[in-house]
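Chain residues, written in single-letter form:
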Amino acid sequence: MNQLRDDRQLAAAERCIDAILAAGSTALSVEQLRTAAGISKRTFHRYFPYKARAIRPHYAAMTATFSDLTIAEELRSRDAWVHAWEQVVLGEDPARSLELFRLIRADPEYWSVFLEVVQDGEAVFAEALGGRGGDAAEGNTAIDAEVTAVALVAASRLALTAAVDEGADPTIAFARYLDHFDPPLLATDER
């Protein structure tokens, strides 16, 4: 895919998400989503083979942004990861992010798309972490990158779940889960 199409697809996805949030439900028809996205039916189906795929570009872009921060800033400490997670995952409007998560979790079709992105995110993070210049002499192996990637993605999903289900502060929950997972490539500030 070229960048222009990716940008257009992401913009359409964001408008679909706005419509879902405005309706307070994922039970919108393809026609309602298509109209909200401002694209033709043909373009809608080219971008999103089925309606739940309309959320995929949003979460894939989030994963890419987080991964880019991993490479650009060489995030190593747990606190740096928590701060980056808060900026990228919760964004400027945490209530919006949490409401979207709540809605898609309640719909099996949308949830399966979210879980696809979660699985893809593990590979994206493992690649980013593995390519940061660590070497086996420092103990940074491909397995360390994979384990750290899985811990980051799982901590994110669990923190969002705790925020939606229990009213937990998502940032504190993310930090707590990272501490429990103790991923090999993330040092706490005390280590």
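This structure is a prediction, so every number in the text was calculated from the model and none was measured. (Residues numbered from 1 in each chain as written. Predicted model: local features only at pLDDT ≥ 70, side-chain atom pairs only at ≥ 80, totals over all residues. Heavy atoms only, no water.)

**With respect to helix H5 (residues 78-90)**
Turning to step 1, where the next piece is worked out: The end-to-end C-alpha separation of H5 is 17 Å, in line with the 18 Å expected for 13 residues at 1.5 Å each.
Turning to step 2, where the next piece is worked out: Inspection of H5 places Arg78, Trp81, Val82, Ala84, Trp85, Val88, Val89 and Leu90 among the buried residues, and these make up the whole buried set.
Turning to step 3, where the next piece is worked out: Where H5 ends, the next residue or the one after it, Gly91, has phi of about 65°, a positive value. (Helix = DSSP H or I, 4+ residues; strand = E, 2+ residues; numbered from the N terminus. Expected span 1.5 Å × (residues − 1). Buried < 20%, exposed > 50% of the residue type's maximum accessible area, 1.4 Å probe, protein only.)

**A word on empty space enclosed by the protein**
Turning to step 1, where the next piece is worked out: Counted under the stated rule, the structure contains two cavities of 30 Å³ or more.
Turning to step 2, where the next piece is worked out: Together, 16 residues line the largest cavity, and Met62, Thr63, Val89, Val153 and Ser156 are the ones closest to its centre.
Turning to step 3, where the next piece is worked out: Where the lining of the largest cavity is concerned, the elements lending two or more residues are helix H4 (56-73), H5, helix H7 (108-130) and helix H8 (142-166).
Turning to step 4, where the next piece is worked out: Across the lining of the largest cavity, the residue classes tally to 12 nonpolar, three polar and one charged.
Turning to step 5, where the next piece is worked out: Estimated volume of the second largest cavity: approximately 50 Å³.
Turning to step 6, where the next piece is worked out: In terms of lining residues, the second largest cavity is bounded by His58, Tyr59, Met62, Val89, Ser97, Leu100, Phe101 and Leu160.
Turning to step 7, where the next piece is worked out: Of all the secondary-structure elements, those providing two or more residues to the lining of the second largest cavity are H4 and helix H6 (94-105).
Turning to step 8, where the next piece is worked out: By residue class, the composition of the lining of the second largest cavity is six nonpolar, two polar and no charged. (1 Å grid on protein atoms, 1.4 Å probe; cavity = no way out; pocket = protein on both sides within 12 Å on 5 of 7 lines; lining within 4 Å. Points joined across faces, edges and corners; volume = space filled by probe spheres on them. Nonpolar A, V, L, I, M, F, W, Y, C, P; charged D, E, K, R; others polar.)

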